[in-house]
Protein chains: 2
Amino acid sequence: MKKTYLFTPGPTQIPPEVVLAEASPMIHHRTSEFSEIFANVSEDLKYIFQTKDGEVFTFASSGTGGMEACVVNSVSRGDKAIVISGGKFGERWAQICETYGVNVVKIDVENGKAVKPDDLDEAIKKEEDVKAVFTTLSETSTGVVHDIEAIAKVVKGHNLLLVVDGISGIGVQPFRMDDWGIDIAVTGSQKGFMLPPGLAFVCVAKSAWESIEKSDLPKYYWSFKKMQKALNNKTTAYTPAISLIMAAGKSIEMIKSEGIENVWSRHARLANATREGMKALGLELFAGDDSGNVLTAVKIPEGVTFDAGIKKLRDETGVTIAGGQDELKGKMFRVGHMGYVNEFDIILAASAVEKILHENGYKVELGKGISKIQEILVG
Amino acid sequence: MKKTYLFTPGPTQIPPEVVLAEASPMIHHRTSEFSEIFANVSEDLKYIFQTKDGEVFTFASSGTGGMEACVVNSVSRGDKAIVISGGKFGERWAQICETYGVNVVKIDVENGKAVKPDDLDEAIKKEEDVKAVFTTLSETSTGVVHDIEAIAKVVKGHNLLLVVDGISGIGVQPFRMDDWGIDIAVTGSQKGFMLPPGLAFVCVAKSAWESIEKSDLPKYYWSFKKMQKALNNKTTAYTPAISLIMAAGKSIEMIKSEGIENVWSRHARLANATREGMKALGLELFAGDDSGNVLTAVKIPEGVTFDAGIKKLRDETGVTIAGGQDELKGKMFRVGHMGYVNEFDIILAASAVEKILHENGYKVELGKGISKIQEILVG
């Protein structure tokens, strides 16, 4: 008997109530019934992004599609953009920008470190005519959280456009679109939102529209202007992913009911306990003090073949944790703890990590990690 | 008590078995479990497109996103493309091409008519240096089906690239990628596939790759090359819409089990009965002899306020049929009969149409439409 537990950094577990909403009878999207659902979701999304004046557009796409939408709407060919790159997803901003002929200046942050706001400030001063800064809230590939509030202060000090990839971070880490002065932020459904993948949510502040009006990059499906016009009519520009939007209605209701600040605190508490549990096993965090609350990235100890253990665990028990991506494969593992996660899930995840270590040649005092977590969460 | 029946031209009704598959426990996409599901779906999709040598890429997007993918991968800036436009969706090819600086020559076919292959032949001869022809299998806005087999003969005679929007048509109308020599075709999940919206399937024949290699239009999310590389590893380039792909596994299994040619015949039989039922009520088909089997588009008789009747019917009974789009609003109504539809559904839909007519000032002999359908389908 296998029981599926996803501790992957997206997709995450889906609450049964949300699955039921997803399985609701299909309805047509050009009806008042759908418009009402969609208008509510779009309004509640503003709460998740913590914006009053911004608008949130819902695309049928993965998060990467939402990132491409941010680029093609906000800058123009030949514009200079600073990209903060410290992992696979920061790097993705650079790749998308370069695809469209945007002149990219990269700040290469060491993998596992957050950018220093002063370094960003210097980079902006050194370059001429920078138009925009693209950055990441939670770098899913390394577990790092960047200090977006501090980054925003620097960027706004230079009066530049700030675009944030909040795909794994929003709904998990504190994020305040209006108070921090973010111009554009994007997130995906399969992370803190407790939804299946397939939706990208893009929040556009009023302050972004001057740049959007000027942008000359080609766009059709991703056009913010078309999405804005459609949103004013309580719909999307093209056929929406109806079942996922019905699911979103339920999951966002659950987040609202818990309260976004309580959701952030819950994640902080669970992430802290996970980090301490891993350290109690003698393991080292990949992102050290820059670790976020989205996932815990842990260095794989010398001599341990952890990735085979992940596969064996998944095949035998249904419990799924993730390895490293690309050049980090075999060097770290990642325990996702976002969305539909409580303290017992954390105990379970840590128990699974202990099991893998024990079975793969790492001398571990069984129970030491979960006991530490128990102490922190229950004590 | 309302019972939802969708006779809209997408989304369509979802079989309960498919909803259950959609509601399966979420799994992670970078696992052998997902790879197996995805490889099966990708292989079975080739059967639906009727291709052996082509590959099918699955995008998390609406059909329009899939259309944009076709454009940005197949042609280059300044290329000349002929677009067959005879409705909203033919027009969409032109809009997307123009967005990317493709030089569009439109063949404006009258709304409600199919293109004459000879007219296409003449247009190609008249123009110099045409690279590609973009056309539509089933024009959802008018109910017209274009003769893709004949169009392909013309296009191949001139050795041009043929790109087909089969969004509402594939899985409903006969369509043979290989035998007809189509280079690229796109479809969406929410039509004949009996799935919720949110997936676009793009089939790319070997013959298309020379153009794809040459294409200089910017693409990231829509890149066929990245999707091909990912497909070789039994996955997608970016996070797939996992729950919809699990649903697709089930719905495509149902189509395979019925047999694609039987699926086409079923639609032909039901569409024919629907058309005859409408004519028995004294109504005129919008697309006349060019009507396809995807939906039945019917002219609204003078003096009948049909659109208000559609809304009332939906609100009171849950039965949903569709009006006209854009400039055809108020001029026609559309009864979708694709996917999870049998003879009793057609009787029900026609009964709903009779009810609306009766309640909105059109003198109708009640039962005349459904009797005609009964005769054809049961007799």
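Everything numeric in this text was worked out from a predicted model, so none of it was measured.

Parameters at a glance
- Residues numbered from 1 in each chain as written.
- Chains lettered and ligands numbered in written order.
- Predicted model: local features only at pLDDT ≥ 70, side-chain atom pairs only at ≥ 80, totals over all residues.
- Helix = DSSP H or I, 4+ residues; strand = E, 2+ residues; numbered from the N terminus.
- Buried ≥ 20, exposed ≤ 12 C-beta atoms within 10 Å, placed from the backbone.
- Contact = placed C-beta atoms within 7 Å.
- Least-squares fit on C-alpha atoms with pLDDT ≥ 70 in both.
- Axes fitted to C-alpha atoms, helices over the stretch in contact; angles between N-to-C directions.
- Parallel < 35°, antiparallel > 145°, perpendicular 65-115°, else oblique.
- Left-handed = near helix turned anticlockwise from the far one by under 90°.
- Nonpolar A, V, L, I, M, F, W, Y, C, P; charged D, E, K, R; others polar.
- Pairing = 2+ DSSP bridges.
- Domains from an automatic or database assignment.
- UniProt positions renumbered as here; feature names shortened; annotations may be inferred.
- Core = buried A, V, L, I, M, F, W, Y, C linked by C-beta atoms within 7 Å.
- Expected span 1.5 Å × (residues − 1).

Moving on to the overall build of chain A. Helix and strand counts for chain A come out as 14 helices and 14 strands. Dimensions along the principal axes, computed over C-alpha positions, put chain A at roughly 60 × 55 × 35 Å. The buried share among the 379 residues of chain A stands at 58%. Counting contacts in chain A only where the partners sit at least 6 residues apart, residues at least 24 apart contribute 72% of the total.

If you rotate chain A by 180 degrees and push it 0.0 Å along the axis, it lands on chain B with an RMSD of 0.0 Å. Both copies are brought into coincidence by an operation consistent with a two-fold rotation axis. Measuring from the rotation axis to each C-alpha of chain A, the shortest distance belongs to Ser 61 of chain A, at 2.4 Å. Take the interface residues of chain A: 100% of them recur as interface residues in chain B, which is what a same-surface contact looks like.

Bringing the packing of helix H2 (residues 32–49) of chain A against helix H10 (residues 242–258) of chain A into the picture now. Packed helix pairs are specified by the crossing angle of their axes together with the interaxial distance, meaning the distance between the axes. Residue and element names in this part refer to chain A. Following both chains from N to C, one finds H2 and H10 inclined at 45 degrees, their axes separated by 9 Å at the closest point. By the angle between their axes, H2 is oblique relative to H10. Note that H2 runs across H10; the crossing there is left-handed. Of the residues in H10, those touching H2 at Phe 34, Ile 37, Phe 38, Asn 40, Val 41, Asp 44, Leu 45, Tyr 47 and Ile 48 are Ile 242, Ile 245, Met 246, Ala 248, Gly 249, Ile 252, Ile 255 and Lys 256. Per-class residue counts for the contact of H2 with H10 are 13 nonpolar, two polar and two charged.

Residues and elements named next belong to chain A. Pairing in this open sheet of three strands is antiparallel, and the strands run E11-E14-E13 from one edge to the other. The two strands at the open ends of the sheet, each matched to only one other strand, are strand E11 (295–299) and strand E13 (322–323). Relative to strand E14 (residues 332–336), E11 is paired through five bridges, and the arrangement is antiparallel. The residue bridging Thr 296 from the neighbouring strand is Val 335, located in E14. With respect to the sheet, helix H11 (residues 260–280) is in contact with E11 and E14, its orientation differing from that of E11 by roughly 15 degrees.

Residue and element names in this part refer to chain B. Spatially, seven strands are ordered E2-E10-E9-E8-E5-E3-E4 in an open sheet, and the strand pairing comes out mixed. Lying at the two open borders of the sheet, with one neighbouring strand each, are strand E2 (55–60) and strand E4 (103–108). Pairwise comparison of adjacent strand axes, ignoring direction, gives a mean angle of 20 degrees for this sheet. Bridging between strand E3 (residues 80–85) and E4 involves six bridges; their strand directions are parallel. Following the sheet pairing, Ile 82 is matched in E4 by Val 105. Strands in contact with helix H2 (residues 32–49) are E2, strand E9 (184–188) and strand E10 (199–204); relative to E2, the strand with the most contacts, it is inclined by about 110 degrees.

Moving on, we get to the domain arrangement of chain A. Residues and elements named next belong to chain A. Here chain A is described as being made up of domain 1 (5–11 + 259–378) and domain 2 (16–258). Taking only C-alpha atoms, the centre of domain 1 and the centre of domain 2 are 27 Å apart. Counting residues at the interface gives 27 residues for domain 1 and 29 residues for domain 2. Those elements giving two or more residues to the side of domain 1 that touches domain 2 turn out to be H11 and E11. At five residues, H11 tops the list of elements feeding residues into the side of domain 1 that touches domain 2. In the side of domain 1 that touches domain 2, the residues fall into 13 nonpolar, 11 polar and three charged.

Quick look at the UniProt feature "modified residue: N6-(pyridoxal phosphate)lysine" (unreviewed entry) in chain A now. Residues and elements named next belong to chain A. When the UniProt feature table is mapped onto this chain numbering, "modified residue: N6-(pyridoxal phosphate)lysine" (unreviewed entry) sits at Lys 191. Structurally, the position occupied by Lys 191 is in the loop between strand E9 (184–188) and strand E10 (199–204). Its 29 C-beta neighbours within 10 Å are what place Lys 191 among the buried residues. Ignoring any residue separated from it by four or fewer positions in sequence, one finds Lys 191 in contact with Gly 10, Thr 12, Ile 167, Ser 168, Gly 171, Val 172, Met 338 and Gly 339.

According to UniProt, the "binding site: substrate" (unreviewed entry) feature falls on Arg 334 of chain A. Structurally, Arg 334 of chain A is set in strand E14.

Right, let's talk about the interface of chain A and chain B for a bit. Every contact between the two is made by 43 residues of chain A and, on the other side, 43 residues of chain B. At four residues, helix H3 (residues 63–74) of chain A tops the list of elements feeding residues into the side of chain A that touches chain B. A per-class count over the side of chain A that touches chain B returns 21 nonpolar, 18 polar and four charged.

What follows deals with the pairing of E3 of chain B. All names here are of chain B. Most of E3 sits inside the fold, with five of its six residues counted as buried. Where E3 lies against strand E5 (residues 130–136), four bridges are found, and the strand directions are parallel. Within the sheet, the bridge partner assigned to Val 83 lies in E5 and is Phe 134.

Attention now goes to the environment of Arg 269 of chain A. Within the secondary structure, Arg 269 of chain A sits in helix H11. Between the C-alpha atom of Arg 269 of chain A and that of Ala 230 of chain A, which follows or precedes it by 39 residues, the distance is 40 Å.

Core analysis: the largest hydrophobic core is formed by 252 residues, its most contacted members being Cys 97 and Val 202 of chain A together with Cys 97 and Val 202 of chain B. Non-local contacts of Cys 97 of chain B, meaning those with residues more than four positions away in its chain, are made with Val 71, Ala 81, Val 83, Val 102, Val 104 and Phe 134 of chain B.

Attention now moves to helix H4 (residues 88–99) of chain A. Along an α-helix, a turn takes 3.6 residues, which lines up residues three or four apart on a common side. All names here are of chain A. Counted at 1.5 Å a residue, the expected span for H4 with its 12 residues is 16 Å, and the 16 Å between its end C-alpha atoms agrees. Taken residue by residue, H4 has Phe 89, Gly 90, Arg 92, Trp 93, Ala 94, Ile 96 and Cys 97 as its buried positions. Where H4 is buried, its residues contact H3, strand E3 (80–85), strand E4 (103–108), strand E5 (130–136), strand E6 (138–139) and strand E8 (161–165). Positive phi shows up at Gly 101, right after H4, with a value of about 75 degrees.

The linkage connecting Gly 10 of chain A with the following residue, Pro 11 of chain A, adopts the cis geometry, with an omega of 0 degrees. Structurally, Pro 11 of chain A is set in the loop between strand E1 (5–6) and helix H1 (16–22). The backbone of Asn 159 of chain B shows a phi angle near 60 degrees, a positive value even though the residue is not glycine. Within the fold, Asn 159 of chain B resides in the loop between helix H6 (148–157) and strand E8 (161–165). Accessibility expressed as a C-beta count within 10 Å gives 6 for Asn 159 of chain B, which makes it exposed.

Here we take up the pairing of E9 of chain A. Residue and element names in this part refer to chain A. For E9, the buried fraction is high: five of the five residues fall into the buried class. Residues Ile 184, Val 186 and Gly 188 point to one face of E9 and Ala 185 and Thr 187 to the other, with burial holding for every one of them. With three bridges connecting them, E8 and E9 associate as parallel partners. Among the inter-strand pairings, Val 164 is bridged to a residue of E9, identified as Ala 185. Both E9 and E10 contribute to a ladder of five bridges, which runs antiparallel. Pairing of Ala 185 across the sheet is with Cys 203, part of E10.

Our next topic: the packing of helix H5 (residues 117–126) of chain A against helix H6 (residues 148–157) of chain A. Residue and element names in this part refer to chain A. The contact between H5 and H6 brings their axes to 9 Å, and the two run at 20 degrees. The pairing of H5 with H6 is recorded here as roughly parallel in orientation. The crossing of H5 and H6 is right-handed. Here Pro 117, Leu 120 and Asp 121 of H5 lie close against H6, whose contacting residues are Ala 150, Ile 151 and Val 154. In terms of residue class, the contact of H5 with H6 is made up of five nonpolar, no polar and one charged.

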